[in-house]
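Examining the three-dimensional arrangement
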Amino acid sequence: MELRQLRYFVTVAEELHFGKAALRLHMTQPPLSQTIQALEQELGAPLFDRNRRGVALTPAGVALLPEARRMLAQAQALPQLVQRAASGEVGRLTLAFVSSADYSVLPPFLRAYRAAYPQVQITLQEATSDLQLDDLLHNRIDAGLLIPPLPDKARETLDYLPVLNEPLVLALPSGLPALKKKGKLQLAALPSLPLIIFPRAISPALHDAILSVFHDAGVTPQIGQEAIQMQTIVSLVSAGIGMALVPQSVSNLMRTGVEYRALSHTTPLVETGLAWRRDNTSPVLHGFLELLRKNVIC
């Protein structure tokens, strides 16, 4: 079956006259009649009743007409669909992100991308940086918002764009006497509380940055608990298990029993960036990257 046959059938069905349909199709009547007959033979049923009074659709023709119109409309839309796919306007984007990005760069980036590319389907996966790197190297995701650095082996395959640098702030259990004083706090002036921290194997840069803050303040922390999600860390602080140093954007995670405070001395900046495979030619990904570069915070 050819689209040409369906187009001829629809025209005859609308005109209910082979001569008028032929004029509309800019052809003579004999080849039009032959095409319809060939279509009927192929489908195994007559589509038109032909008599002296004129032409009428058979039950088979009535059933075929809406489907034929649908197929012709879909075929007509194919060039536009292909062009939109080639320009990144339709398709799928699989994006992973560390939990801290959920409170900083991820929401505004997604809003901007959704407004610019409403037809793209976005699949989001929360994952630690090490898992994202493995997924990227095995082509399981398109891009990942993670905390660098990238291992040397990964840099051979991946490109990377910094998108945010932010200081560390304290997350403390509410009700501490030291919190009665407003403003920034000094680590040395705080009571000795267990430190809740990311495992170094998961995020060595963040782990080392946190410990360097204590080292610079002349304080030796007692690591009481390790957790891989920011939500878990803040929940443990809320439960009074200990204190934590978290990226500033995590203070957007409001939790009863937690108070966020800046430190009186400068902390290392925690970087969040986007990584993707250098050989990924997806127009959807490149549209995302183009928009991201226009909205980079750092």
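Each chain has its residues counted from 1, running along the sequence as written. Only residues with pLDDT of at least 70 get local features here, since the model is predicted, and only at 80 or more are side-chain atom pairs given and counted; chain-wide, interface and lining totals rely on the full set of residues. Remark: hydrogens and water are excluded; side-chain values derive from all non-hydrogen atoms of the structure.

We count it as follows: UniProt positions are given in the numbering used here, feature names are shortened, and annotations may be inferred rather than shown by experiment.
Looking at an unreviewed UniProt entry, one finds the chain named LysR family transcriptional regulator and attributed to Duganella lactea. UniProt's Sequence similarities (unreviewed entry) comment on the chain is quoted here verbatim: "Belongs to the LysR transcriptional regulatory family."

A short note on the overall build of the chain
Rule in force here: Put simply, DSSP H or I for four residues or longer makes a helix, DSSP E for two residues or longer makes a strand, and each gets a number counted from the N terminus. Each radius of gyration reported is based on C-alpha atoms, and the globular scaling rule is 2.2 Å times the count of residues to the power 0.38. Think of it in three bands: residues with accessible area under 20% of the maximum for their type are buried, residues over 50% are exposed, and the middle band is partly exposed, with areas taken using a 1.4 Å probe on protein chains only. All accessibility values rest on the Shrake-Rupley procedure with a 1.4 Å probe; residue burial counts only the protein chains present in the view.
Along the chain, the regular secondary structure elements total 10 helices and 12 strands. Relative to its length of 298 residues, the chain is extended, with a C-alpha radius of gyration of 32 Å against a globular reference of 19 Å. A buried classification covers 44% of the 298 residues belonging to the chain. Total accessible area on the chain stands at roughly 15400 Å², and carbon and sulfur atoms take up 53% of it.

A closer look at the pairing of strand β4 (residues 120-126)
Our working rule: When DSSP finds at least two bridges between two strands, those strands are taken to pair. By convention, a crossover is right-handed whenever its connection, traced from the first strand over the helix to the second and viewed with the strands pointing away, goes clockwise.
Here strand β3 (residues 91-97) runs beside β4; their pairing, made up of 7 bridges, is parallel. Residue pairing across strands places G91 opposite V120, the latter belonging to β4. Assessed by its sense of winding, the connection that carries the chain from β3 through helix α5 (residues 106-116) to β4 is right-handed.

Observations regarding the pattern of salt bridges
Where we set the bar: Each reported salt bridge corresponds to a side-chain nitrogen of Lys or Arg within 4 Å of a carboxyl oxygen of Asp or Glu.
For the structure on display, the rule yields 13 salt bridges. Residues R140 and D135 are paired through a salt bridge, measuring 2.7 Å at the closest nitrogen-oxygen approach. Accessibility expressed as a relative area gives 44% for R140, which makes it partly exposed. Here D135 falls in the buried class, since its relative accessible area comes to 16%. The network of salt bridges with common partners includes E14, E15, R24 and R69.

Describing the sheet that holds strand β11 (residues 258-261)
Here is the rule we go by: Simply put, an axis is a line fit to the C-alpha atoms, just over the touching stretch for a helix, and the angle between two N-to-C directions goes from 0 to 180 degrees. Only heavy atoms matter for contacts: two residues are in contact if any of them lie within 4.5 Å across the pair.
With antiparallel pairing, the 3 strands of this open sheet are ordered in space as β10-β7-β11. Edge positions in the sheet fall to β10 (244-247) and β11, since each of these pairs with one other strand and no more. Across the sheet, the mean angle separating the axes of adjacent strands is 35° when strand polarity is ignored. As paired elements, strand β7 (residues 168-173) and β11 share 4 bridges and run antiparallel to each other. Note on β11: the bridge partner recorded for L170 is R261. The strands touched by helix α8 (residues 204-216) within the sheet are β7 and β10, with β7 carrying the most contacts at an inclination of about 75°. Its contacts with the sheet put helix α9 (residues 230-238) on β7, β10 and β11, and the angle it makes with β10 is roughly 145°.

What to know about the packing of helix α1 (residues 3-15) against helix α3 (residues 29-43)
Rules: Throughout this description, any angle smaller than 35 degrees is read as roughly parallel, any larger than 145 degrees as roughly antiparallel, any in the 65 to 115 degree range as roughly perpendicular, and the remainder as oblique. Note on residue categories: nonpolar means Ala, Val, Leu, Ile, Met, Phe, Trp, Tyr, Cys or Pro, charged means Asp, Glu, Lys or Arg, and polar means any other residue, Gly included.
For the pair α1 and α3, interaxial distance at closest approach is 10 Å and the crossing angle is 110°. When the axis of α1 is compared with that of α3, the two are roughly perpendicular. Here R4, Q5, Y8, F9 and V12 of α1 come into contact with α3, specifically with L32, T35, I36, A38, L39 and E42. Residue composition of the contact of α1 with α3, by class: 7 nonpolar, 2 polar and 2 charged.

Here we look at the UniProt feature "domain: HTH lysR-type" (unreviewed entry) in the chain
Within this numbering scheme, the UniProt entry marks residues 1-58 as carrying the feature "domain: HTH lysR-type" (unreviewed entry). Helix makes up 60% of residues 1-58 and strand 14%, and the two end C-alpha atoms of the span are 19 Å apart.

What to know about helix α6 (residues 129-137)
Under the convention used in this document: Each C-beta atom gives one direction from the helix axis, and the arc is the one those directions make.
Those residues of α6 that fall on the buried side of the exposure criterion are S129, Q132, L133, D135 and L136. The arc that holds every buried residue of α6, seen down its axis, measures 165°, which confines them to one face. In this structure, the buried side of α6 is in contact with β3, β4, β5 (143-146), α7 (152-155), β6 (158-166) and β12 (270-277). Phi turns positive one or two residues past the end of α6, at N139, with a value near 60°.

Digging into the nonpolar core
Soluble, globular proteins show a tendency: their nonpolar side chains are buried together. What counts is decided by this rule: Here, nonpolar core refers to any group of buried Ala, Val, Leu, Ile, Met, Phe, Trp, Tyr and Cys residues whose side-chain atoms link them within 4.5 Å.
Grouped together as the largest cluster of nonpolar side chains are 73 residues, with contacts concentrated most on L170, L172, V246 and L274. Sorting elements by how many residues they give to this core places helix α10 (residues 283-294) first, with 6 residues. Beyond its immediate chain neighbours, meaning those up to four positions away, L274 contacts L95, A143, G144, L145, D159, Y160, L161, V163, F288, L289 and L292. A21, A22, I36 and L72 belong to the second-largest nonpolar core, a separate cluster that totals 21 residues.

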